[in-house]
Amino acid sequence: MDFNFTEEQSMVRDTVASFLQDKYDFETRRKIVASDSGWRADYWKAFAEELGILGASFSEELGGLGGGAIDNMIIMEEFGKALVIEPYLGTVVIGGGFMKHSGYANAAAVIEGIVAGTTTIAFAYAEPQGRYTWSDLKTTARKDGAGWTLNGHKAVVVGAPFASHFVVTARTGGSQRETSGVSVFLVDKNLPGVVTRDYPTVDGGRASEVYFENVSLPGDALVGQEGAGLPLVDKVIDEATAASLAEGVGVLRKLHEGTLDYAKQRKQFGRAIADFQVLQHRMVDMFIELEQSVSMTYMATIKLDESDAERAKAVSAAKVRIGRALKFVGQNAIQIHGGMGMTDELAIGHYFKRGTIIEGLFGSVDHHLRRYEGLSFGAAA
Amino acid sequence: MNLDFSPEDLAFRDEVRAFIAQNYPEGLRERQEEGEEMSKEDFLSWHRTLAQKGWVAPAWPEKYGGPGWTSVQRYIWSEETARADCVPILPFGINMVGPVIYTFGTPEQKERFLPPTLSGEIWWSQGYSEPGAGSDLASLKTKAERFTGDDGKDYYLVNGQKTWTTLAQHGDWIFCLVRTDPNAKIQEGISFLLIDMKSSGVTVRPIITLGGEHEVNEVWLENVKVPVENRIFDENKGWTCAKFLLAHERSGIAGVARSKRGIERIRQIARTELSDEGDALIRDPMFKRKIAELEIDLAALEYTELRTLAGEAAGKGPGPESSVLKIKGTEIQQRITELALEAAGHYGAPYFRGFPKDGDNAHPIGPDFAHRAAPTYFNVRKTSIYGGSNEIQRNIIAKMVLGL
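Residues numbered from 1 in each chain as written. Chains lettered and ligands numbered in written order. Predicted model: local features only at pLDDT ≥ 70, side-chain atom pairs only at ≥ 80, totals over all residues. Heavy atoms only, no water.

If you check an unreviewed UniProt entry, chain B appears there as Pimeloyl-CoA dehydrogenase large subunit from Caulobacter flavus. The UniProt entry for chain B carries this comment under Sequence similarities (unreviewed entry): "Belongs to the acyl-CoA dehydrogenase family." (UniProt positions renumbered as here; feature names shortened; annotations may be inferred.)

In the annotation of an unreviewed UniProt entry, the entry for chain A reads Pimeloyl-CoA dehydrogenase small subunit, and the organism field reads Caulobacter flavus. UniProt annotates chain A under Cofactor (unreviewed entry) with the comment "FAD". Here chain A is described in UniProt, under the heading Sequence similarities (unreviewed entry), as follows: "Belongs to the acyl-CoA dehydrogenase family."

Tallying secondary structure elements over chain A gives 11 helices and 10 strands in all. At 21 Å, chain A has a C-alpha radius of gyration in line with the 21 Å of a compact globule built from 381 residues. When its C-alpha atoms are laid out on the principal axes, chain A stretches across 80 × 55 × 40 Å. With 381 residues in all, chain A has 59% of them scored as buried. The contacts of chain A with a sequence gap of at least 6 include a subset with a gap of at least 24, amounting to 72%. Within the structure as shown, chain A displays about 14,800 Å² of accessible surface, and the carbon and sulfur contribution to it stands at 51%. Placing the 38 positive and 48 negative side-chain charges of chain A at their respective mean positions leaves the two points 7 Å apart. (Helix = DSSP H or I, 4+ residues; strand = E, 2+ residues; numbered from the N terminus. Rg over C-alpha atoms; globule rule 2.2 N^0.38 Å. Buried < 20%, exposed > 50% of the residue type's maximum accessible area, 1.4 Å probe, protein only. Contact = heavy atoms within 4.5 Å. Areas by Shrake-Rupley, 256 points an atom, 1.4 Å probe, with all protein chains shown as cover. Lys, Arg positive; Asp, Glu negative; His and termini not counted. Charge placed at Lys NZ, Arg CZ, Asp CG, Glu CD.)

What follows is about the domain arrangement of chain A. All names here are of chain A. Looking at the assigned domains, one finds that chain A contains domain 1 (7-120), domain 2 (123-227) and domain 3 (230-378). Placing the centre of domain 1 and that of domain 2 at their C-alpha centroids yields a distance of 23 Å. Contacts between the two partners involve 21 residues from domain 1 and, on the opposite side, 17 residues from domain 2. With both sides pooled, the region where domain 1 packs onto domain 2 buries about 1,400 Å², and carbon together with sulfur makes up 63% of that total. It is F98, Y104 and T120 that lose the most area in domain 1 upon contact with domain 2, and together they represent 36% of the buried surface on that side. In this assembly, domain 1 and domain 2 are joined by 0 salt bridges. Linking domain 1 with domain 2 are 9 residue pairs in polar contact (both at pLDDT 80 or more), by the criterion used here. (Domains from an automatic or database assignment. Buried area = accessible area lost by both parts, 1.4 Å probe. Salt bridge = Lys/Arg side-chain N within 4 Å of Asp/Glu carboxyl O. Polar contact = N/O pair within 3.5 Å; in protein donor to acceptor, adjacent residues only side chain to side chain.)

Residue and element names in this part refer to chain B. Along its sequence, chain B is organised into domain 1 (7-89), domain 2 (124-236) and domain 3 (251-402). Placing a centre on the C-alpha atoms of domain 1 and another on those of domain 3 gives a separation of 20 Å. On the domain 3 side, the residues contacting the 18 residues of domain 1 number 17 residues. With both sides pooled, the region where domain 1 packs onto domain 3 buries about 1,400 Å², and carbon together with sulfur makes up 39% of that total. In this assembly, domain 1 and domain 3 are joined by 5 salt bridges. In this structure, E34 and R265 form a salt bridge, with 3.5 Å as the shortest nitrogen-oxygen distance. Inspection of the region where domain 1 meets domain 3 yields 9 residue pairs in polar contact (both at pLDDT 80 or more). Elements with a minimum of two residues in the side of domain 1 that touches domain 3: helix 2 (26-34) and helix 4 (71-83). The element best represented in the side of domain 1 that touches domain 3 is helix 4, accounting for 8 residues. A breakdown of the residues in the side of domain 1 that touches domain 3 according to their chemical character gives 5 nonpolar, 5 polar and 8 charged. (Nonpolar A, V, L, I, M, F, W, Y, C, P; charged D, E, K, R; others polar.)

Moving on, we get to the UniProt feature "domain: Acyl-CoA dehydrogenase/oxidase C-terminal" (unreviewed entry) in chain A. Taking the UniProt record as the reference, the feature "domain: Acyl-CoA dehydrogenase/oxidase C-terminal" (unreviewed entry) is found at residues 227-359 of chain A. Counted over residues 227-359 of chain A, helix gives 79% and strand 3%. Its end C-alpha atoms are 30 Å apart.

So, about the UniProt feature "domain: Acyl-CoA oxidase/dehydrogenase middle" (unreviewed entry) in chain A. Here, the residues flagged by UniProt with the feature "domain: Acyl-CoA oxidase/dehydrogenase middle" (unreviewed entry) are residues 122-215 of chain A. End C-alpha atoms of residues 122-215 of chain A are separated by 17 Å, and the span's content is 0% helix alongside 54% strand.

Here we take up the pattern of salt bridges. Residues and elements named next belong to chain A. Overall, the coordinates contain 50 salt bridges over all chains when judged by the stated rule. With a closest N to O distance of 2.5 Å, E77 and R253 form a salt bridge. Taken together, the residues span a long stretch of sequence, with E77 in helix 4 (residues 69-82) and R253 in helix 7 (residues 230-265) at a distance of 176 residues. R177 serves as the salt-bridge partner of D136, at 2.9 Å between the closest nitrogen and oxygen. Taken together, the residues D136 in the loop between strand 1 (121-124) and strand 2 (140-144) and R177 in the loop between strand 4 (165-171) and strand 5 (182-188) connect sequence positions 41 residues apart.

Another point: the interface of chain B and chain A. Each partner contributes to the interface: chain B provides 50 residues, whereas chain A provides 45 residues. Interface area, chain B with chain A, both sides summed: about 4,100 Å², of which 57% is carbon and sulfur. Applying the counting rule to chain B against chain A returns 5 salt bridges. Residue K327(A) pairs with E338(B) through a salt bridge whose shortest N-O separation is 3.7 Å. Here chain B and chain A share 29 residue pairs in polar contact (both at pLDDT 80 or more) between them. When residues of the side of chain B that touches chain A are traced back to their parent elements, those giving at least two are strand 6 (202-208), helix 9 (285-313), helix 10 (322-344), helix 11 (370-379) and helix 12 (390-401) of chain B. With 5 residues, the single largest contributor to the side of chain B that touches chain A is helix 11 of chain B.

Here it is as structure tokens:
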């Protein structure tokens, strides 16, 4: 039994942590969020060149450093602690995930671009009517000579304003909610007919509504097998969910730590509010939530390479537990901070907001509880 | 025991409904329903309509301009205004300082302040909290020192800082607790002052909150000259007014009628939003269960409030039981916003504060309610903090009810 990180993994963590400590303090992050572009392209370049972390989770054959999901976990947790905006999840975890698992002919070239920091990816999977059913697609790709014609509307594509490419799910056959007939495409954002409407998100990020209007795709835009993309989508979304939960753990750590610090210095009725037993027990419960969340992130990350059912069960279990932790710890962090917790000025509220978004990302707690029940009880339920 | 409305009460209800239908503008109703931020004029226009009708201060005695309603009629009023998504009447003048003035004020003070409070000419702000005095209100530090002015009149020189002052950016007057005797015991030596916010030395600075709203402010008081005649009740006895006001503040805080409307709204939303199964969200067993649990908890709150009301009608003032209403009422308000955010799904994330902008025809994307769901969820976290945090309310129950 060993929960220790390898030397390489520890190095990745330390490199990221020290970069963020120097260059991603809360005031800097506030400026990034308020800027026109909404992210720091020069930081992204630094992630690629100076830190080399964009390649940490790719095998050496693909031009990476030979790591995997644990590296993503480590990096995402650090990003959670600093509320990093830049699109690691969409580009490396999701975009890279599709490249790794699809047998896509151009995968090596795309990964090369990801590792170099020149290719950035946003995942266009959700649709206005589909909620958390990834097969519920009105977006279509029809065969057109050697290529495809893409039409549809994708909802809340996180990181789209920073992306050079989209990974898009579309129906190449079957009816709207069928599990077969789903295909995955890699789409250059600059193609004619790709229309985006950008907007901020409540947690300080940027997203877009993305419309595809008769977009002509080359034949090699298809990633994976035609019409058989859903299992691939499920796998990559599970990996992305696990990574987002690691980010959630980073957020939880800061919520907990910030609340302890505040409670120790805030005085009411002549003593620190941390002296009140009712708040002590609350902070103990927050700590328990945090520790269990760390455990569940490890569990889910370790099981990402197991069978589809085992992987899905582990990820959904982690999502339920950590989703609830984010709500409990976040709400109590605000409550214990009192009025100060309600202000935009303190970082704590921004962690709460990011935590709230992570809670609903890739499916709500209810969605994952239902999925877990389905996998755990099957038809017997 | 009889909880049915009498024929007179039912007739009153019809009268109220008809009045709202004829006088409450549809545009305001829609914006209130969507949870949009209200402007000063939004608040004031409905306030003035009600003031003209004599209905703006349901709890005030008739001789000061109240409508003379029974507690059942007041209950019906709050139900009906919530049902119709009426803009709330801001509590600072009507529910807080007004009752303090007609209870503790001099005849001159009543004459000077009550009519413009009713008509909406004075926009009141509440100057209770300070950076170091939140739940521990009595530890406030703003000081008021007496002096005689060049004109031979007596004044206080006020220095200090108030915070969390709701909508003070629109304020005309602020009622403040100030320390007039620094050597007295902590709850003594406090006085209740009315301060004209146009006075020199008053500065209002915005505090932006989690949902991006400018709803609260810091109010700085630097060498502000306040005539002694603006003090309500005796010098150093302001804590009596403060406690009286807090009891009034808490009695309206359960928000049952508005929560009922909130749950109805969640039901409407869940009828049109889709579940994972592609069916209406309201048929999703898990979502349905949460609505059901909320409704049951709200029923428990409502009947607890009715019992409190009945007690008040029988002559019992609002006691520490109002803390039960505050705790459960605010928890329910918060859960309603959680459900709205859940219902929004992906469309809970976009942030469209201030849309549509001047000269911009763009509208928020997603379902109508969704772009306000997250900001409202964040904003409503305040309800378990303000008005005496829910932890403090539990302390009150422990001490005053359970004798612990």
